[in-house]
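One-letter residues, chain by chain:
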Amino acid sequence: GDSVTQMEGPVTLSEEAFLTINCTYTATGYPSLFWYVQYPGEGLQLLLKATKADDKGSNKGFEATYRKETTSFHLEKGSVQVSDSAVYFCALSGSNTNAGKSTFGDGTTLTVKP
Amino acid sequence: EPEVTQTPSHQVTQMGQEVILRCVPISNHLYFYWYRQILGQKVEFLVSFYNNEISEKSEIFDDQFSVERPDGSNFTLKIRSTKLEDSAMYFCASIQDLYEQYFGPGTRLTVT
């Protein structure tokens with residue numbers, strides 16, 4: 001079945017540091033890929049998405065590129081802020097098995113210190 | 001922008017009681033989902049629903065769970081006899097196409 005593997009956390013960075021959170025996936029067909037962010041006690045917010053190979057999703061300074069050859073969708077940000085502290089989930093949907101269902105990674109907790 | 005809504009935002013219940021979690025998907029969406037997130041853990045798929053029937057369910061979705069679309073707007077998740085381990089955040093989602101699920105804000109269920 002489908003699966004998403006995220007880099008283990010937690011990740012602790014200083015403000016203005018460069019962020020990478022690795023994500024790789026296994027799926028049949030051509031899934032869409034997503035990054036969600038979850039702040040403490042809140043729901044899931046879609047951060048960015050990419051629907052086909054080589055697409056780059058971007059939002060609020062975060063970027064991720066859909067790499068089919070390496071089955072990866074790594075999240076990056078050039079300069080993190082304290083307000084970026086949250087849990088980040090990589091996810092996929094639209095594979096050949098139950099097209100609309102989302103499969104999530106375990107989540108990576110990011111803490112940014114001033 | 002249209003959004004998925006869920007009620008209540010927080011439900012506290014005693015073990016063994018029945019609970020019904022409610023969701024209003026986006027009006028022109030056709031596929032509906034429930035997910036569960038135990039505190040501090042990943043988001044797990046429970047069930048998908050299309051054309052008034054379950055299209056897929058996970059092993060978590062046992063006989064204690066049921067889903068229903070009682071009218072044209074609501075989509076409900078019922079847990080017949082709650083257990084302590086059912087305490088979690090429950091998210092509803094709906095889709096129009098394959099590219100993005102729209103998630104509701106979640107219902108935090110606490111079983112005491």
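Residues numbered from 1 in each chain as written. Chains lettered and ligands numbered in written order. Predicted model: local features only at pLDDT ≥ 70, side-chain atom pairs only at ≥ 80, totals over all residues. Heavy atoms only, no water.

Caption draft 1: Spatial organisation of the pattern of salt bridges. Applying the stated criterion across every chain, the model contains six salt bridges over all chains. With a shortest N-O distance of 2.8 Å, Asp84(A) and Lys77(A) are connected by a salt bridge. With a relative accessible area of 7%, Asp84(A) lands in the buried category. For Glu44(B), the salt bridge goes to Arg36(B), with nearest N and O atoms at 3.3 Å. Using a relative accessible area of 23% as the deciding quantity, one classes Glu44(B) as partly exposed. Overall, Arg36(B) belongs to the buried group, its relative accessible area being 10%. (Salt bridge = Lys/Arg side-chain N within 4 Å of Asp/Glu carboxyl O. Buried < 20%, exposed > 50% of the residue type's maximum accessible area, 1.4 Å probe, protein only.)

Caption draft 2: Expanded view of the interface of chain B and chain A. In this complex, chain B contributes 20 residues to the contact, which on the side of chain A involves 22 residues. One can count two salt bridges joining chain B with chain A. In this structure, Lys101(A) engages Glu56(B) in a salt bridge whose closest nitrogen and oxygen atoms are separated by 2.9 Å. The interface formed by chain B and chain A contains six residue pairs in polar contact (both at pLDDT 80 or more). When contributions to the side of chain B that touches chain A are tallied by element, the ones reaching two or more residues are strand 4 (31-37), strand 5 (43-50), strand 6 (53-57) and strand 9 (88-95) of chain B. In the side of chain B that touches chain A, the residues fall into 11 nonpolar, five polar and four charged. (Contact = heavy atoms within 4.5 Å. Polar contact = N/O pair within 3.5 Å; in protein donor to acceptor, adjacent residues only side chain to side chain. Helix = DSSP H or I, 4+ residues; strand = E, 2+ residues; numbered from the N terminus. Nonpolar A, V, L, I, M, F, W, Y, C, P; charged D, E, K, R; others polar.)

Caption draft 3: Focus on the state of the cysteines. Residue and element names in this part refer to chain B. For the coordinates displayed, the defined rule picks out two disulfides over all chains. Between the sulfur atoms of cysteine 23 and its disulfide partner cysteine 92 the distance amounts to 1.9 Å. The sign of the -60° torsion about the S-S bond sets the cysteine 23-cysteine 92 disulfide as left-handed. Placement of the pair is cysteine 23 in strand 3 (residues 19-24) and cysteine 92 in strand 9, with a sequence separation of 69 residues. Grouping residues by exposure puts cysteine 23 and cysteine 92 together as buried. (Disulfide = S-S within 2.5 Å.)

Caption draft 4: The arrangement of the packing of aromatic side chains in detail. What the rule picks out here adds up to 16 aromatic pairs over all chains. Both rings, one in Tyr25(A) and one in Tyr66(A), keep their centres 6.1 Å apart while their planes meet at 80°; by these two values the pair is edge-to-face. With Tyr25(A) in strand 4 (residues 23-26) and Tyr66(A) in the loop between strand 8 (62-65) and strand 9 (75-77), this residue pair connects regions lying 41 residues apart in the sequence. Assigned by exposure class, Tyr25(A) and Tyr66(A) land together as buried. A centroid spacing of 5.5 Å and a plane angle of 40° characterise the contact between Phe32(B) and Phe75(B), whose relative ring orientation is tilted. Pair noted here: Phe32(B) is in strand 4 and Phe75(B) is in strand 8 (residues 75-79), with a separation of 43 residues, a long-range link. Exposure remark for Phe32(B): the relative accessible area of 4% places this residue in the buried category. Taken together, Phe34(A), Tyr36(A), Phe89(A), Phe104(A), Tyr33(B), Tyr35(B), Phe45(B) and Phe103(B) form an aromatic cluster joined through their ring pairs. The cationic tip of Lys101(A) hangs over the ring face of Phe45(B); the distance from NZ or CZ to the ring centre is 4.8 Å. (Phe/Tyr/Trp six-rings, centres within 6.5 Å; stacked < 30°, edge-to-face > 60°. Lys NZ or Arg CZ within 6 Å of the ring centre and 35° of its normal.)

Caption draft 5: Structural detail: the nonpolar core. Trp35(A), Leu48(A), Phe73(A), Leu75(A) and Tyr88(A) are the most contacted members of the largest nonpolar core, which totals 25 residues. Breaking this core down by element, the ones donating at least two residues are strand 2 (11-14), strand 3 (19-21), strand 4, strand 5 (32-38), strand 6 (45-50), strand 8, strand 10 (86-93) and strand 12 (108-113) of chain A. Looking at this core, the element that brings in the most residues is strand 10 of chain A, giving four residues. Sequence-distant contacts of Leu75(A), defined by excluding residues within four places in its chain, comprise Leu19(A), Thr20(A), Ile21(A), Trp35(A), Leu47(A), Leu48(A), Phe62(A), Glu63(A), Ala64(A) and Tyr88(A). Residues Leu46(B), Ile60(B), Phe61(B) and Ala88(B) belong to the second largest nonpolar core, which totals 22 residues. (Core = buried A, V, L, I, M, F, W, Y, C linked by side-chain atoms within 4.5 Å.)

Caption draft 6: The pairing of strand 7 (residues 65-68) of chain B, seen in detail. Residue and element names in this part refer to chain B. On strand 7, burial follows the alternation: Phe65 and Val67 on one face are buried, whereas Ser66 and Glu68 on the facing-out side are not. As judged from the four bridges shared by strand 7 and strand 8, these two strands associate in the antiparallel manner. Residue pairing for strand 8: phenylalanine 65 is matched across the bridge by isoleucine 79. (Pairing = 2+ DSSP bridges.)

Caption draft 7: Structural view of the sheet that holds strand 3 of chain B. Residues and elements named next belong to chain B. Reading across the sheet, the four strands line up as 1-3-8-7 and stay open at both edges, with antiparallel pairing between neighbours. This sheet does not close on itself; its edge strands, each paired only once, are strand 1 (5-7) and strand 7. Taking each pair of neighbouring strands and ignoring which way they run, the sheet shows an average axis angle of 20°. Alignment of strand 1 against strand 3, held across three bridges, turns out to be antiparallel. Bridge pairing links threonine 5 to valine 24 in strand 3. (Axes fitted to C-alpha atoms, helices over the stretch in contact; angles between N-to-C directions.)

By themselves, these are just geometric observations and shouldn't be taken as functional.
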